[in-house]
Amino acid sequence: IIVVFIGIHVCSVDNIDEFNIMVSAVPSRHRLHGHLLRCVVSLAAIAFTVDAVQYDTIDKYDCFRSLEGMTKSMFDLAESYPDLSSVVDIGDSYLKSKNDNNDDYPLPQNGYDIYAMVITASDSPHPSSAKGKTLIISGVHPREHAPPELTMRFAESLLTGYEVDADITWILQHTEVHIIFQVNPDSRYVTEKYPKTFWRKNQNPGNGRENCKADEIGVDLNRNFGFKWGDQDGASDDSCDSTYHGRGPGSEPETRAVVDYAKEIFPEEQGRRDDPEGSTNVAFGEDNTGIFVDVHAPGGYIFYPWGHKDRKSPDDDALQATARKMSYYNGYVLWAGGQPDFQYAASGDSSDYMYATLGVASFGLELGEDFYEDCGRFENEIVPGNLPALTYLVKNAKKPFSLAKGPDIISLIVSDDVIQDGIQYGIKVTVVASDSRLVNSISRYPDFPETGGQGVAEVRVYLDVHPDDYEEGDALAWEMQLIDNDSEEPKFELEVISAGGFSAGRHTLYVQAKDGAGYFGPTTGAFFDVEMRPTKSPSLSPTTDSPSHKTTSMPSMSPTTAKPSALPTGTPSTTRPSKSPSRSPVTASPSNPPTGNPTLNPSVSPTTNPTGPPSSSPTSGPSRNPSESPTDQPSISPSESPSTSNPTSQPSSKPSSNPSANPSTNPSSNPSIGPSTNPSIYQSYQPSDAPTEAPVAVSTSGSTASQILDPDFGLSELTTDTTKVPAKLSNNASVTAYLSVTTVSLSATALLLMYLH
């Protein structure tokens, strides 16, 4: 009963200060019942999902799915979302490719298949060749518990967010997200069953069976890629060493599986280089497409090229700007050439290879503080900080070397403007944009004027057409007007009025800002629903009702999972969601049939976790230079200044046992695309809570612009209340951070459903 009333409270209170939720839900009293019903149904749906079949987890770490649990989850998602996802077998592990086994640490069978999951909207009008591509990999170093679970949570957030979250919806219509959850499954099994080994490398014994200890054999896959392979400054030729680079570039089947798959999905025509090591000073240019991410642990770092040496890449402006903006969400510091937190060289690693050879914008994450991460930290810091960072990154997949240089939308509010006799005639769009807030968010780093000093020159609004699909002459795009010029939070505003009333159903607004140098930033979207009611003769007279709006889920608060659980299953997907790489998708029968235990839940707030350099024994230092045992690392709040020195404390034995996770949930029910039960327009976008500063300066004055549409949304003329605002640049704007926190007890599912009935 308590949970029911909490749900009602969360669904109806207009400003919950203690949770920092900006604007909740009740547009007006006569709409309360319909809104409350949908909101509580959403909570009930989440509670019901949480109570679903659970997946197998790692012993003593209930927040992390095991190898079997991850595989089962992947295939269940593909069955549940056949129009959005499919699974592809991209290669074999070492033991499967050699039909071999590890006699010291026997596996249940001779190796594993390596799978990729493809997530994209099959109903998109765009073919695969026209979509941006993102490839995310995890599990390269199997002792790192958190990365595969985080990437699975990200996959779940995309699938459950489609047609619920406007940004996720347009992302999947314009982008393919490819995720390889377990690059190194042989050794993942070993480290789960024999945790004292802290296994880092694959299972290739090489000549190590005679010269190395049983747990020292193998090749470090993140030193086995073909760019700068064998460079002794960042790898080892000692087969017993934890950074052993193998017998040759790409010698390992796991490495080849990743490389071959990347070559299939990223376009060949964008300038692949035959001699990448001879072209390290040549930029790729701003038209290249594609993003690559390699997720590791621990450390609290974002890394990008160059990693093999402490020097900036020729595309550093775009790569650094992107990494800095990711840091806005997760609070991590930068490990890259030319940065104060460059730790050490890593040669033959994946991110340098993907950038230097394939021309892809490449990044990596070092999550948390331990190899065997604490579940409380994972749920409360790692997931809520990194899901929005990944979502932001995927937004840029179409043109990553250009979009990263443009301004970001800080807030987007769509509110009622003209309603007459129950018909929606107008909306008011209010936007705050910034060219500098996200890129200058790392507290002890200097500002980055290379991309963050050009100011916001204009903001454009698009109705039901994404900016990438807009053609000059279309009547559904307008430039917004600058208002509130004397405040430190300049805003842009526009009224859009339809002479015949908005058509019933769901509409999408897209907003994009441009800076003074001509760079557009990533797009932000918002849904609004319109219900047509019986009416008298319509007029365009504005009502006296105050505009109302609500905050909606945006990239920063994607659903997360505490104890992952299965989603409702449907018909298995046996075809790719859209025309994609020429591989045959696999059906829902993995070669290693998993057994049951994880679900969908949300987030709290991120913190930063730097770590120290590698040591000869495991530490929780960054995974790109290995160690042999975990340690506690200093934790840094996003608002604090991380220390420039490396932590010097020595590792403290093994990771602590798993404290109980504290899961929470986000509504993820899929709203109808048809007429809404709520005729109001009420949606806004706000970035996640993250460390911010508020420098702003504008001094112009102006008014709200009105855009008149004919009944078919034909453009009439632009009118303003007073004088048109002069063209001036606004360097910054305010951010209203919010944290969407909804706690649902599993045991309350029945009560919620009874209440609804």
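Model, not experiment: these values are computed from the prediction. (Residues numbered from 1 in each chain as written. Predicted model: local features only at pLDDT ≥ 70, side-chain atom pairs only at ≥ 80, totals over all residues. Heavy atoms only, no water.)

J.: Help me understand the packing of helix α9 (residues 253-265) against helix α11 (residues 350-358), please; the structure alone is not making it clear to me.
T.: The axes of two packed helices give the description: the angle between them and the distance between them. For the pair α9 and α11, interaxial distance at closest approach is 12 Å and the crossing angle is 35°. Crossing handedness for the pair α9 and α11: right-handed. Listed contacts from α11 to V258, V259, A262 and K263 of α9 are Y353, M354 and L358. (Axes fitted to C-alpha atoms, helices over the stretch in contact; angles between N-to-C directions. Helix = DSSP H or I, 4+ residues; strand = E, 2+ residues; numbered from the N terminus. Left-handed = near helix turned anticlockwise from the far one by under 90°. Contact = heavy atoms within 4.5 Å.)

J.: Would you mind showing me how to read the packing of helix α5 (residues 146-161) against helix α6 (residues 166-174) here?
T.: The interhelical angle for the contact between α5 and α6, taken along N-to-C directions, is 100°, at an axis separation of 8 Å. It follows that α5 is roughly perpendicular to α6 by the angle criterion. Of the residues in α6, those in contact with S157, L158 and G161 of α5 are I168, T169 and L172. Its residues assigned to classes, the contact of α5 with α6 comprises 3 nonpolar, 3 polar and no charged. (Parallel < 35°, antiparallel > 145°, perpendicular 65-115°, else oblique. Nonpolar A, V, L, I, M, F, W, Y, C, P; charged D, E, K, R; others polar.)

J.: Where do I start with α6 in this structure?
T.: Think of an α-helix as turning once every 3.6 residues; residues three or four places apart then point the same way. For α6, the tally of buried residues reaches 8 of 9 residues, placing the bulk of the element in the interior. Listing the buried residues of α6 in full gives A166, D167, I168, T169, W170, I171, L172 and H174. Where α6 begins, the side chain of D165 points an oxygen toward the backbone nitrogen of D167, at a separation of 2.9 Å. (Buried < 20%, exposed > 50% of the residue type's maximum accessible area, 1.4 Å probe, protein only. Polar contact = N/O pair within 3.5 Å; in protein donor to acceptor, adjacent residues only side chain to side chain.)

J.: Sorry if this is basic, but what is going on with the sheet that holds strand β14 (residues 477-479) here?
T.: In any sheet, the strands associate via hydrogen bonds between backbone groups, in a parallel or an antiparallel arrangement. Strand order across the open sheet formed by 4 strands is β14-β13-β17-β18, with antiparallel pairing between neighbours. With partners counted over all chains shown, the strands left at the sheet margins are β14 and β18 (524-530), one partner each. Looking at each pair of strands side by side, their axes are set apart by 25° on average, direction ignored. (Pairing = 2+ DSSP bridges.)

J.: Is there a simple way to think about the nonpolar core in this case?
T.: For soluble globular proteins, nonpolar side chains are generally found buried alongside one another. One finds I119, L135, F154, L172, V177, I180 and L367 to be the most contacted residues of the largest nonpolar core, which totals 110 residues. Of all hydrophobic cores here, the second largest spans 24 residues; its members include V431, L482, F502 and L509. (Core = buried A, V, L, I, M, F, W, Y, C linked by side-chain atoms within 4.5 Å.)

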